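# Survey of secondary and tertiary structure
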Amino acid sequence: MSAYDFDVVIIGGGPGGAAMASYLAKANVNCAVFERELFPRQHVGESLVPAANRELADLGLLDAMDECGFPRKYGATWTVAKQSKFSPTYEHNWDELQAQTNIAFGARADKPYEVTRTWHVDRAKFDTLLLQNAAKLGANVYQGTRISKVEFDDDGVTATVRIGKRDEAVRAKIIVDASGRKTFLGNQMKLRVGDKVFQQMAIHTWFSGVNRRALVKKPEHVNYINIHFLPITATWVWQIPISDTITSIGVVTQKEYFSRSRKEREAFFWECISAQPALHAELQAAERVRSLKEEGDYSYAMKEVVGDRWLLVGDSARFVDPIFSSGISVALTSARLACPDIVAALKSGKFTKESYGDYERVFRRGVRTWYKFITLYYRLNVLFTYFLQTDEYKYDVLRLLQGDVYDEDEPPVLKEMERQIAAVESNPNHPWHNLLGNLTADNLSSAL
């Protein structure tokens, strides 16, 4: 079997798949995207980090982001909540910590691409924009088509594609899994492993008419992403502007808290929101325009991210937690990083795992940094806010928040955060000791 329909087949047309197809098409690679749904479709994960601007610029989409009317995102705000009955072990006085911490992306602008702002997005519009752009650049895009099986042989890859009620065999030299949290190849090849540290889930919806001005200290922060800490271990609320009138609200928590509460989804959502009285009041006065949706299986890894004739990109390869809006950036960046190795493999005719070594090395380095950053945040988030307010550390933390995570094996600022957390852990009399979350520094060894 040596006849090929395409050089590369891509499973999934979300941001990772669309970006992968776009980069390959720009490199004159004959590629095809098979997407099971018909766009536009709703999706969670609605805020970007500035690092994504590099890929958007590569693909000629920076101007289109503004033309689509996506709100510009210039920074982030973190608000600490008061104590609630969810966390009886927290005996400190939350009034002492009641504060908003803000950071503007423009405080650090030393990269060759724009990092002072990015966007919040309606994923139905954003994902459609990316996929249409891939087709415009020359990729073959097939929507409403589902890949049900992938088989490998010495000469290539055969993907079984369900089109309507019939199955078609499609041949390629390489297959890229960009199926997101469905992790198609990860499941078929039994690569997926649940994260032993993070057991996160999200409950989210959209509201119309939220007075976002009432929830920030300064008018210029209205279109920042707002992260509301809750006095529940590893639990927080996102507040993301989708348009002038629509705001996305989501509660992220560990599964055990939802299960332990024995409450229905609706009751649990509102009880969490009530830990932030100002937010609760604004949402009660607004109109909910979408039903509550639940997202599970947030945290997982893969034993391998590349192999003979296959690669995983974006959420198909790794997902930890949405706290720092890293998902879309990881998807776009992984496509950019994978493209040169795929092109080189096609030129050389060598399709073994080693052919994608550069991609694997840099991708793993970036997601390890995200993983450690997120874990340290959950272990002691008051330290995170302290670092943001301290000149010695805030620009290095901002660099990570902007998504600049692929150049170093271990950024020094994370080493310093880890050192200070260890000091708090070892001293029961430390004023922050009772603020420690249940994700310990030892858990970092599970990062792939």
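In this report, we go over the structure that sits alongside the text. Note that the structure is predicted; figures quoted are calculated from it, not measured.

What counts and what doesn't
- Each chain carries its own residue numbering, running from 1 in the written order of its sequence.
- For a predicted model such as this one, the threshold for reporting local features is a pLDDT of at least 70, and the threshold for listing and counting side-chain atom pairs is 80 or more; totals across whole chains, interfaces and linings nevertheless cover every residue.
- Based on all heavy atoms of the structure, the side-chain values leave hydrogens and waters out of the count.
- In this description a helix means any DSSP run of H or I spanning at least four residues, a strand means any run of E spanning at least two, and both kinds are numbered starting from the N terminus.
- In this description the radius of gyration comes from C-alpha coordinates, and the expected globular size is given by 2.2 Å times residues to the power 0.38.
- Classification of residues uses two cut-offs on accessible area relative to the type maximum, computed with a 1.4 Å probe and protein chains only: under 20% is buried, over 50% is exposed, and between them is partly exposed.
- The criterion used for residue contact is that any of the two residues' heavy atoms lie within 4.5 Å.
- For the area figures, the Shrake-Rupley method with a 1.4 Å probe applies, and any residue is considered shielded solely by the protein chains shown.
- A carboxyl oxygen of Asp or Glu within 4 Å of a side-chain nitrogen of Lys or Arg is what we treat as a salt bridge.
- DSSP-based pairing: two strands are paired if at least 2 bridges between them are found.
- Throughout, disulfides are identified as pairs of cysteine sulfur atoms within 2.5 Å of each other.

### Some words on the overall build of the protein
Counting secondary structure elements, the protein contains 13 helices and 21 strands. Against the 2.2 N^0.38 benchmark of 22 Å for 448 residues, the protein shows a C-alpha radius of gyration of 22 Å, consistent with a compact globule. Counting only C-alpha atoms and orienting by the principal axes, one finds that the protein spans roughly 70 × 45 × 45 Å. In the protein, which comprises 448 residues, the proportion classed as buried is 59%. The contacts in the protein between residues at least 6 apart in sequence include a share of 74% that link residues at least 24 apart. Roughly 18200 Å² of accessible area belongs to the protein as shown, and the carbon and sulfur atoms make up 46% of that amount.

### Side note on unusual backbone geometry
Of the consecutive residues Phe-39 and Pro-40, the connecting peptide bond is found in the cis state with omega at 0°. Its identity as a non-glycine residue notwithstanding, Arg-309 has a phi of 70°, on the positive side. With respect to the helices, strands and loops of the structure, Arg-309 is situated in the loop between strand 19 (306-307) and strand 20 (310-312). A positive phi angle, near 55°, is found at Ser-325, a position not held by glycine. The exposure class assigned to Ser-325 is buried, which follows from its relative accessible area of 9%.

### A few points about the pattern of salt bridges
According to the stated counting rule, one finds 24 salt bridges in the structure shown. With a closest N to O distance of 2.5 Å, Glu-295 and Arg-181 form a salt bridge. With Glu-295 in strand 17 (residues 293-295) and Arg-181 in the loop between strand 10 (166-177) and helix 5 (184-188), the pair connects residues that are 114 residues apart, well separated along the chain. You can call Glu-295 buried: its relative accessible area is 11%. The partner of Arg-399 in a salt bridge is Glu-408, with the nearest N and O atoms 2.9 Å apart. With relative accessibility at 26%, the residue Glu-408 sits in the partly exposed group. Via salt bridges that share partners, Glu-304, Lys-353, Glu-360 and Arg-364 belong to a single interconnected network.

### Section: the pairing of strand 13 (residues 225-229)
Counting buried positions over the 5 residues of strand 13 gives 5, a clear majority of the element. Of the two faces of strand 13, the one holding Ile-225, Ile-227 and Phe-229 and the one holding Asn-226 and His-228 are both buried throughout. Pairing of strand 4 (residues 75-79) with strand 13 involves 4 bridges; the strand directions are parallel. Looking across to strand 13, one finds that Thr-77 is bridged to Asn-226. Here 4 bridges tie strand 13 to strand 14 (residues 236-241), and the two strands are oriented antiparallel to one another. Bridging from a neighbouring strand, His-228 pairs with Val-237 of strand 14. Linking two consecutive strands that pair antiparallel, namely strand 13 and strand 14, is a turn of 6 residues; a positive phi of about 60° is found at Ala-234 within it.

### Topic: the state of the cysteines
In a disulfide, the sulfur atoms of two cysteines are held together by a covalent bond. A full pass over the atoms with the stated rule returns 0 disulfides. For the unlinked cysteine Cys-339, the closest cysteine sulfur is that of Cys-31, found at 9.0 Å. Taking relative accessible area as the criterion, Cys-339 reaches 8% and is therefore assigned buried.

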